[in-house]
Amino acid sequence: QKEVEQDPGPLSVPEGAIVSLNCTYSNSAFQYFMWYRQYSRKGPELLMYTYSSGNKEDGRFTAQVDKSSKYISLFIRDSQPSDSATYLCAMLNTGTASKLTFGTGTRLQVTL
Amino acid sequence: NAGVMQNPRHLVRRRGQEARLRCSPMKGHSHVYWYRQLPEEGLKFMVYLQKENIIDESGMPKERFSAEFPKEGPSILRIQQVVRGDSAAYFCASSPGDRGVPGANVLTFGAGSRLTVL
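All of the points below concern the structure found in this document. Small disclaimer: the values here were computed from a predicted structure and weren't measured. (Residues numbered from 1 in each chain as written. Chains lettered and ligands numbered in written order. Predicted model: local features only at pLDDT ≥ 70, side-chain atom pairs only at ≥ 80, totals over all residues. Heavy atoms only, no water.)

**Side note on the state of the cysteines**
Reasoning step 1: What the rule picks out here adds up to two disulfides over all chains.
Reasoning step 2: Two residues share a disulfide in this structure: C23 of chain A and C89 of chain A, whose sulfurs sit 2.0 Å from each other. Taking the torsion about the S-S bond as the criterion, the C23 of chain A to C89 of chain A disulfide, at about -100 degrees, is left-handed. Of this pair, C23 of chain A sits in strand β3 (residues 19–25) while C89 of chain A sits in strand β9 (residues 85–92); the two residues are 66 residues apart in sequence, bridging distant segments of the chain. In this structure, C23 of chain A and C89 of chain A share a single accessibility class: buried.
Reasoning step 3: Here C23 of chain B engages in a disulfide with C92 of chain B; their sulfurs sit 1.8 Å apart. Across the S-S bond of C23 of chain B and C92 of chain B the torsion is about -55 degrees, and the bridge reads as left-handed. Remark: C92 of chain B occurs in strand β9 (residues 88–95) and C23 of chain B occurs in strand β3 (residues 19–24); sequence separation between them is 69 residues. Like C92 of chain B, C23 of chain B is buried. (Disulfide = S-S within 2.5 Å. Helix = DSSP H or I, 4+ residues; strand = E, 2+ residues; numbered from the N terminus. Buried < 20%, exposed > 50% of the residue type's maximum accessible area, 1.4 Å probe, protein only.)

**Brief notes about the sheet that holds β3 of chain B**
Residue and element names in this part refer to chain B.
Reasoning step 1: Spatially, the four strands line up as an open sheet ordered β1-β3-β8-β7, and their pairing is antiparallel. The open sheet is flanked by β1 (5–7) and β7 (65–68), the only strands paired with a single partner. With strand direction ignored, the average angle separating the axes of adjacent strands in the sheet is 15 degrees. (Pairing = 2+ DSSP bridges. Axes fitted to C-alpha atoms, helices over the stretch in contact; angles between N-to-C directions.)

Nothing here speaks to function; it is all geometry.
Put into structure tokens, the structure is as follows:
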């Protein structure tokens, strides 16, 4: 079993839809939870990070962490075609410095 | 702020040759990480370095791969005697690395170096 599980998609939604992206994990030592966006043939770009459980909002993006269920989510409101990319969740146990464990990524396509 | 700079962006090598990938961290960042991304897979940790020190190389293949971050100059990921299975995108990331500082563990990635082994 992988430490971090993420549905690879692809996920196709119409412009303006609310998108829900999710990851589950098995390592209870993870404390930092991050979402990266990666456009085709580019490097990952940090969208949001959260420490421990709770919600965090930044513009159209909301990250949720439920440590009791080992489940994290990223919500995108009013999705735009420019949001079309692969979204990677990543997790960190601070005892291992910055050695991130990534999900495989979910490919999102927002259509006009 | 130029961000994390990687070069070359694309590299083609024949089997048995050597590949050298370079990474200059963001200004003010003293911690460098290398990750490998295979097609349809997530990024896999390879190695974590600070200046002149390898901190964690638990993700590095035991043979043919080495990394360094000298006192002066960029970090280098070196792959000797490349094989077709080494074809991948290699990403470098950096962080400020100061424990206890919010966001200090957050990594900023470069655009990657794509290695193709013929």
